[in-house]
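A closer look at the structure
Listed below are the residues making up each chain.
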Amino acid sequence: MQYRTLGRTGVQVSSLVLGAMNFGKIGRTTQDEATAIVDAALEAGINLIDTADMYGDGESEEMVGKAIAGRRDDIVLATKAGMPMGEERNHRGGSRRWLVTELDNSLRRLGVDHVDLYQLHRWDPTTSDEETLSALTDLQRAGKIRYFGSSTFPAHRIVQAQWAARDHHLSRYVTEQPSYSILQRGIESHVLPVTEEYGLGVLVWSPLASGWLSGAIREGREIATNRSAFMPRRFDTSIPSNRARLDAVERLAEVADAAGLTMIQLALGFVTAHPAVTSAIIGPRTLDHLRSHLAAADTVLPADVLDAIDAIVAPGLDLAPDEKHDTPPSLLDPSLRRR
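Everything in this summary refers to the structure shown in the same document.

Cut-offs applied
- Residues numbered from 1 in each chain as written.
- Predicted model: local features only at pLDDT ≥ 70, side-chain atom pairs only at ≥ 80, totals over all residues.
- Heavy atoms only, no water.
- Salt bridge = Lys/Arg side-chain N within 4 Å of Asp/Glu carboxyl O.
- Helix = DSSP H or I, 4+ residues; strand = E, 2+ residues; numbered from the N terminus.
- Buried < 20%, exposed > 50% of the residue type's maximum accessible area, 1.4 Å probe, protein only.
- Pairing = 2+ DSSP bridges.
- Right-handed = clockwise from strand over helix to strand, strands pointing away.
- Axes fitted to C-alpha atoms, helices over the stretch in contact; angles between N-to-C directions.
- Parallel < 35°, antiparallel > 145°, perpendicular 65-115°, else oblique.
- Contact = heavy atoms within 4.5 Å.
- Nonpolar A, V, L, I, M, F, W, Y, C, P; charged D, E, K, R; others polar.

1. Points about the pattern of salt bridges
Tallied over the full model, the rule gives 18 salt bridges. Glu219 is paired through a salt bridge with Arg243; the nearest N and O atoms lie 2.4 Å apart. In this pair, Glu219 sits in the loop between strand S9 (201-204) and helix H7 (226-230) while Arg243 sits in helix H8 (residues 240-259), placing the two residues 24 residues apart along the sequence. Residue class for Glu219 comes out partly exposed when judged on its relative accessible area of 43%. Shared partners join several salt bridges into a network, and the residues in it are Glu61, Glu102 and Arg109.

Structure below.
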């Protein structure tokens, strides 16, 4: 396992992070299975576990808490808040009212008295940076969180939040958690230059592109992954962006075969090769999934392989731009760009 410093915090974290989104009803993972996955991950050298309040409506946090009981001090524990938790309109977002309440809920579910990294799951356009940062700073000073970060923020919002922290003498976000893979490289042109400029740690999610880069999806095979069952449009190859992804996967498979690598090793080795990336978040549903990911823990791609990837998917290119999660709201809602 490789280890990197998380931004400028001085905290050493593994290059692979155990993501717990699939713990519970999302991945149909039982407590015994989740505990076995955590056990194997820690034994392999993973020391950072990432979850969120919304994963399984809190079930993931509860399962993580049970799995790490008795060994909390050996783990860098991260969770997130901000996405809707039920129908109540104020049970979401980045307000002080919600973050203070929901952190206590997360701590209770996790069975701990603090988390190491608390992340705002998405930028909340209805709440000022000062409001959110002041709440997070107070939670940090109270000892309930050690650091805080952002997740899937547009580049300009990362910059704005850094300025707001400086201007109002508040603690700042020290990490960003964006989506990044061989097939979705848009953050190379805007987010990653900003995180490098401000010294943020970067924990990338979906490095296997929702399973497109797992090796299970190939030309001529029925697409029958867990993700495709509840997100069928993302895998409908009659849609041009999905056709482009499948064509790229076929060419990438040739690169992996020539290099003696699995597709998973190629995919994870690619994202962790970028100097701005600290770690890649993996989200195994089973022990077998975890083992296939751990095989990439020490993968270092040579320059010729990275060049071959660039020739298939150009730097800074998103093959499925409609699936971006940091698009400015005005590009999605016409009413926001009309007088």
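After presenting the structure, the write-up continues.
2. Topic: helix H9 (residues 263-273)
In terms of burial, H9 is a largely internal element, 10 of the 11 residues being buried. Looking at H9, one finds that the buried residues are Met263, Ile264, Gln265, Leu266, Ala267, Leu268, Gly269, Phe270, Val271 and Thr272.

3. Regarding the pairing of strand S7 (residues 145-151)
In terms of burial, S7 is a largely internal element, five of the seven residues being buried. Summarising the sheet, strand S6 (residues 115-120) and S7 pair through five bridges and their orientation is parallel. Pairing of Val115 across the sheet is with Ile145, part of S7. Between S6 and its parallel partner S7, the chain crosses via helix H4 (residues 129-141), and the hand of that crossover is right-handed. With helix H5 (residues 155-167) bridging S7 and the parallel strand S8 (residues 175-177), this β-α-β connection has right-handed handedness.

4. Points about unusual backbone geometry
Even without a glycine there, the phi angle at Asp57 is positive, about 55°. Here Asp57 is to be found in the loop between strand S4 (48-50) and helix H2 (59-68). Phi angles above zero are rare outside glycine, and Thr152 is one such case at about 60°. Note on placement: Thr152 falls in the loop between S7 and H5.

5. Side note on the packing of H8 against helix H11 (residues 303-312)
Taken N-terminus to C-terminus, the directions of H8 and H11 make an angle of 170°; their axes are 10 Å apart at the nearest point. One element, H8, and the other, H11, form an angle in the roughly antiparallel class. Within the contact between the two elements, H8 uses Ala248, Arg251, Leu252, Val255 and Ala259 and H11 uses Val305, Ala308, Ile309, Ala311 and Ile312. Its residues placed into classes, the contact of H8 with H11 shows nine nonpolar, no polar and one charged.

6. Regarding the sheet that holds S9
Hydrogen bonding along the main chain pairs the strands of a sheet, whether they run parallel or antiparallel. Spatial ordering of the closed barrel is given by S3-S4-S5-S6-S7-S8-S9-S10, a layout of eight strands whose pairing is parallel. Here the strands of the sheet are splayed against their neighbours by 30° on average, with no regard to which way each runs.

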